[in-house]
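Chain residues, written in single-letter form:
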Amino acid sequence: MPTPPLLALHGVCKRFGVVEVLSDIELEIRAGQVLALLGDNGAGKSTLVKAISGVTPADKGVIEWEGRAVHIRRPNDARELGIATVYQDLALCGNLDVVGNLFLGREIRRHGFLDEVEMEHRTRHLLQRLTRGIPDLRAPVVSLSSGQRQTVAIARSLLGNPRVILLDEPTAALGFEQTAEVLDLVDELRDRGLGVLLISHNMGDVKALADRAAVLRLGRNNGFFDVNTASQEQIISSITGATENAPRRPAHREAEW
């Protein structure tokens, strides 16, 4: 029997007033794979990420974690399951150093005082596993490059040892070298066995990194693709609505929900 995906969505819907932003969404995130979530502006990508992360819970549908139905009604529910999210704005404090940002709100204390030595040790250990691009852990985040800040945000999300990580446009507005650093980091996350959901408008990044792609159009599924075999033209046609013939459900689902 096939191993169930880490996270699966079946018939997920989200409405704001009279506007249905998501309608009958199907999605699967598997361990050790990068799933690209694609779609034009207004397709529902960010709303879907917020539904998975508990920021704006879904109104209808079923969310499964390792094959069992779960309820994600707030961000803490997602974190307890093992879902971490890195939003496009990163939500970093520029005046704090790297260590301070990683442990902001979950500081380690010993005998009532901040254990700076332990927090720096854990930060160094985590970043050494991910990247060599931040030599000074006590540098204010505002002094770092955009790629380094993205690395700090991703590293912070990994403190709770998540199994699924949602990345919202992690390479937006980055230069070539910084983009390469972030893509290497995402590749490392996959190699560590995490399931990664990658929102991106950059087809070059998608073709270079993703295993599968799911396309949303006007709040609905509009195609699932094996990135290694599908052409860039096929995927773009699904994004723009030039074709309605792409499969609308994950190809390996065995039964209707």
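Keep in mind it's a predicted model, so treat the numbers as computed, not measured.

1. Things to note about the pairing of strand S9 (residues 164-168)
With 5 of 5 residues buried, S9 is to be regarded as a mostly interior element. A two-sided burial pattern is seen for S9, the buried positions comprising Val164, Leu166 and Asp168 on one face and Ile165 and Leu167 on the other. Direction of pairing for strand S6 (residues 83-86) relative to S9: parallel, over a ladder of 4 bridges. Within the sheet, the bridge partner assigned to Val86 lies in S9 and is Leu167. Two elements, S9 and strand S10 (residues 195-199), share 5 bridges in a ladder whose sense is parallel. Across the sheet, the residue bridging to Asp168 is Ile199, located in S10.

2. Remarks on helix H8 (residues 232-240)
Within H8, the full set of buried residues consists of Ile235, Ser238 and Ile239. For H8, the buried positions fall inside an angular range of 100° around the axis, keeping them on one side. Of the surrounding elements, those touching the buried residues of H8 are strand S3 (34-38), helix H7 (203-209), strand S11 (212-217) and strand S12 (220-226).

3. Concerning the sheet that holds S9
Hydrogen bonds between backbone groups are what pair the strands of a sheet, and the pairing can be parallel or antiparallel. Here 6 strands make up an open sheet; going across it, the order is S6-S9-S10-S3-S11-S12 and the pairing mixed. At either margin of the open sheet sits one strand with a lone partner, and together these are S6 and S12. Adjacent strand axes in the sheet meet at a mean angle of 20°, parallel and antiparallel pairs treated alike. The pairing of S3 with S10 spans 4 bridges and is parallel. Looking at S10, one finds that Leu37 is bridged to Ile199. Packing of H8 onto the sheet brings it into contact with S3, S11 and S12, and relative to S11 it is tilted by some 25°.

4. A few points about the packing of helix H5 (residues 146-157) against helix H6 (residues 176-191)
Between H5 and H6, the least distance of the axes is 8 Å, while the angle of their chain directions is 20°. Judged on the interaxial angle alone, H6 and H5 are roughly parallel. When you trace H5 past H6, the crossing you get is right-handed. In contact with Ser146, Gly147, Gln150, Thr151 and Ile154 of H5, H6 contributes Gln178, Val182, Leu185 and Leu189. In terms of residue class, the contact of H5 with H6 is built from 4 nonpolar, 5 polar and no charged.

Reading the values: the criteria
- Residues numbered from 1 in each chain as written.
- Predicted model: local features only at pLDDT ≥ 70, side-chain atom pairs only at ≥ 80, totals over all residues.
- Heavy atoms only, no water.
- Buried < 20%, exposed > 50% of the residue type's maximum accessible area, 1.4 Å probe, protein only.
- Helix = DSSP H or I, 4+ residues; strand = E, 2+ residues; numbered from the N terminus.
- Pairing = 2+ DSSP bridges.
- Arc of directions from axis to C-beta.
- Contact = heavy atoms within 4.5 Å.
- Axes fitted to C-alpha atoms, helices over the stretch in contact; angles between N-to-C directions.
- Parallel < 35°, antiparallel > 145°, perpendicular 65-115°, else oblique.
- Left-handed = near helix turned anticlockwise from the far one by under 90°.
- Nonpolar A, V, L, I, M, F, W, Y, C, P; charged D, E, K, R; others polar.

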